[in-house]
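# An overview of the molecular structure
What follows is the residue order along each chain.
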Amino acid sequence: MVTKQFTGSPQDADLTRADSLAREIFSDVANKWALLIIEALGDGTLRFSELRSEVEGISHKMLTQNLRMLERNGLVERTVHPTVPPRVEYTLTEPGRGLRATVDAMCDWTHRYLGHIEDSRRRFDT
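Since the model is a prediction, treat every value here as computed from it, not as a measurement.

### Section: the overall build of the protein chain
Each helix and strand in the protein chain was counted, giving five helices and three strands. On C-alpha atoms alone, the protein chain measures out to a radius of gyration of 17 Å, which is more than a quarter above the 14 Å that the 2.2 N^0.38 rule sets for 126 residues. Dimensions of the protein chain, computed from the C-alpha atoms along their principal axes, are close to 55 × 40 × 25 Å. Partitioning the intrachain contacts of the protein chain with sequence separation of at least 6 by distance along the chain shows that 43% fall at a separation of at least 24. As presented, the protein chain carries roughly 9,000 Å² of accessible surface, and 54% of it is formed by carbon and sulfur atoms. Each charge class in the protein chain can be summarised by its mean position, and for the 17 positive and 19 negative side chains these summaries are 5 Å apart.

### Re the packing of helix α2 (residues 32-41) against helix α5 (residues 94-125)
Across the interface, α2 lies against α5 with an axial gap of 9 Å and an inter-helix angle of 105°. Classed by the angle they form, the pair α2 and α5 counts as roughly perpendicular. Each of L35, I38 and E39 in α2 lies in contact with α5, whose residues at this interface are G96, L99, R100, V103, D104, M106 and C107. Residue composition of the contact of α2 with α5, grouped by class: six nonpolar, one polar and three charged.

### Topic: the side chain of T93
Mapped onto the elements, T93 comes out in the loop between β3 (87-92) and α5. Discounting chain neighbours no more than four positions away, the residues touching T93 are G74, L75, V76 and E77.

### With respect to the sheet that holds strand β2 (residues 76-81)
If you walk across this open sheet you meet the three strands as β1-β3-β2, and the pairing is antiparallel. Of all the strands in the sheet, just β1 (46-47) and β2 have a single pairing partner and so form its edges. The pairing of β1 with β3 spans two bridges and is classified as antiparallel. Following the sheet pairing, L46 is matched in β3 by Y90. The strands touched by α2 within the sheet are β1, β2 and β3, with β3 carrying the most contacts at an inclination of about 95°.

### Observations regarding the environment of Y90
Here Y90 is to be found in strand β3. For Y90 and E77, which are 13 residues apart along the polypeptide, the C-alpha to C-alpha distance reads 5.6 Å. In contact with Y90, other than residues within four places in its own chain, are L41, G44, T45, L46, F48, L51, L67, V76, E77 and R78. Side chain to side chain, Y90 and R78 meet in a polar contact 3.4 Å long.

### Regarding the pairing of β2
Judged from the six bridges that link them, β2 and β3 form a sheet pairing that is antiparallel. Bridging across to β3, E77 finds its partner in T91. Count of turn residues in the β2/β3 antiparallel hairpin: five residues.

### Focus: the pattern of salt bridges
One pass over the structure, following the stated rule, counts six salt bridges. Salt-bridge contacts for R87 lead to E89; the nearest nitrogen and oxygen are separated by 3.4 Å. The residue R122 makes a salt bridge to D119 at a minimum N-O spacing of 2.4 Å. On the criterion of helical spacing, the pair formed by R122 and D119 is a turn pair, its members being three residues apart in helix α5. One connected set of salt bridges, linked through shared partners, spans E39, D43, R100 and D104.

What counts as what
Residues numbered from 1 in each chain as written. Predicted model: local features only at pLDDT ≥ 70, side-chain atom pairs only at ≥ 80, totals over all residues. Heavy atoms only, no water. Helix = DSSP H or I, 4+ residues; strand = E, 2+ residues; numbered from the N terminus. Rg over C-alpha atoms; globule rule 2.2 N^0.38 Å. Contact = heavy atoms within 4.5 Å. Areas by Shrake-Rupley, 256 points an atom, 1.4 Å probe, with all protein chains shown as cover. Lys, Arg positive; Asp, Glu negative; His and termini not counted. Charge placed at Lys NZ, Arg CZ, Asp CG, Glu CD. Axes fitted to C-alpha atoms, helices over the stretch in contact; angles between N-to-C directions. Parallel < 35°, antiparallel > 145°, perpendicular 65-115°, else oblique. Nonpolar A, V, L, I, M, F, W, Y, C, P; charged D, E, K, R; others polar. Pairing = 2+ DSSP bridges. Polar contact = N/O pair within 3.5 Å; in protein donor to acceptor, adjacent residues only side chain to side chain. Salt bridge = Lys/Arg side-chain N within 4 Å of Asp/Glu carboxyl O.

This is the structure we're talking about:
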């Protein structure tokens, strides 16, 4: 994948443009696994196995891919402790904690409107 380079101001990061870096970043973080990982790491540092337990249903491969993507985008920091076997921990960076506030708002929205959405789905599906 070719990464687009953004050299303008944040106001010029246009999500409506297919070739914008902003859209690439949005696409990276706006997936269910990334959002669930960010939410899980919001309470502190976790090891890989702890994260996998927290994010029910995620495969080893998907967790690895999403952690790498989040680290690449500067949202998660990976720390390797020189032990045998190596102990690897993940924590949110400052931008990651900022995104976690948005994820929390999305979780609040989901809880608030869950009943409405369930009702709408029942009506739609009949």
